[in-house]
Amino acid sequence: MLAAAFFPAIAASNPGQVDVAYLRTPEIIPTDAFGKANPGGCAGPGPANGNPTTYPPTCSWNLYAAQSLKLTSSPGTATWSTTQITTTPMHVGDICNLGIACVAPSSNRNLLDFISEDLDPQGCAHIAYADDNTVNKLRAANQTSGCFKKK
């Protein structure tokens, strides 16, 4: 089983200031012996229709960001602040990360296997991601508060 977080994008500012964006579902995704997600494993509807009992219900994915201002602190004192950015899932179903081995129709390549993150001169994060659930377009999430302070 694999904790369900895919496609991390990292942006860093001053030493210890790091922002990570990623896609996450609360479901546990079944994996193969090599740790790769099983094709169609998140397509649902769980163990119905002959799927193995280890398959979760259809996965709903949201965009998250985690930010640390003190990653250079000693172990145990460095902290992360995590925020769910999308309130409506930006993807529902399987995310295939096996290239041409994706199994249609339960898997697809709609998300293009990446999200992108950058920081502007004021230290605010900007995240570009695909939304094939609500608008079927590329979207941007722009941080407006809690930005890194530039030195």
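It should be emphasised that the depicted structure is a prediction, and the values quoted were computed from it without experimental measurement.

(A) View of the overall build of the protein chain. Looking only at helices and strands, one finds zero helices and eight strands in the protein chain. Helices (α) and strands (β) of the protein chain occur, in sequence order from the N terminus, as β-β-β-β-β-β-β-β. For the protein chain, with 151 residues in total, the buried portion stands at 41%. A fraction of 55% describes how many contacts in the protein chain between residues 6 or more apart in sequence connect residues 24 or more apart. For the protein chain, the exposed area adds up to about 8,300 Å²; of that, 56% sits on carbon and sulfur atoms. Separation between the mean location of the 9 positive side-chain charges and that of the 10 negative ones in the protein chain comes to 9 Å.

(B) Spatial organisation of the pattern of salt bridges. Scanning the model with the defined rule gives one salt bridge in all. The partner of Arg139 in a salt bridge is Asp131, with the nearest N and O atoms 3.5 Å apart. A residue is classified by how much of its surface remains accessible, and Asp131, at 3% relative accessible area, is buried.

(C) Up close: the packing of aromatic side chains. Scanning the model with the defined rule gives three aromatic pairs in all. Ring plane angle 15 degrees and centroid distance 5.8 Å describe the contact between Tyr22 and Tyr64, whose orientation is recorded as stacked. Placement of Tyr22 in strand β2 (residues 18-24) and of Tyr64 in strand β3 (residues 60-68) is noted, with a sequence separation of 42 residues between them. You'll find Tyr22 and Tyr64 in the same group, each marked buried. The structure contains a cluster of three or more aromatic residues connected by ring pairs, namely Phe6, Phe7 and Trp61. For the cation-ring pair, Arg24 lies above Tyr64, with the distance from its terminal atom to the ring centre recorded as 5.5 Å.

Cut-offs and rules
- Residues numbered from 1 in each chain as written.
- Predicted model: local features only at pLDDT ≥ 70, side-chain atom pairs only at ≥ 80, totals over all residues.
- Heavy atoms only, no water.
- Helix = DSSP H or I, 4+ residues; strand = E, 2+ residues; numbered from the N terminus.
- Buried < 20%, exposed > 50% of the residue type's maximum accessible area, 1.4 Å probe, protein only.
- Contact = heavy atoms within 4.5 Å.
- Areas by Shrake-Rupley, 256 points an atom, 1.4 Å probe, with all protein chains shown as cover.
- Lys, Arg positive; Asp, Glu negative; His and termini not counted.
- Charge placed at Lys NZ, Arg CZ, Asp CG, Glu CD.
- Salt bridge = Lys/Arg side-chain N within 4 Å of Asp/Glu carboxyl O.
- Phe/Tyr/Trp six-rings, centres within 6.5 Å; stacked < 30°, edge-to-face > 60°.
- Lys NZ or Arg CZ within 6 Å of the ring centre and 35° of its normal.

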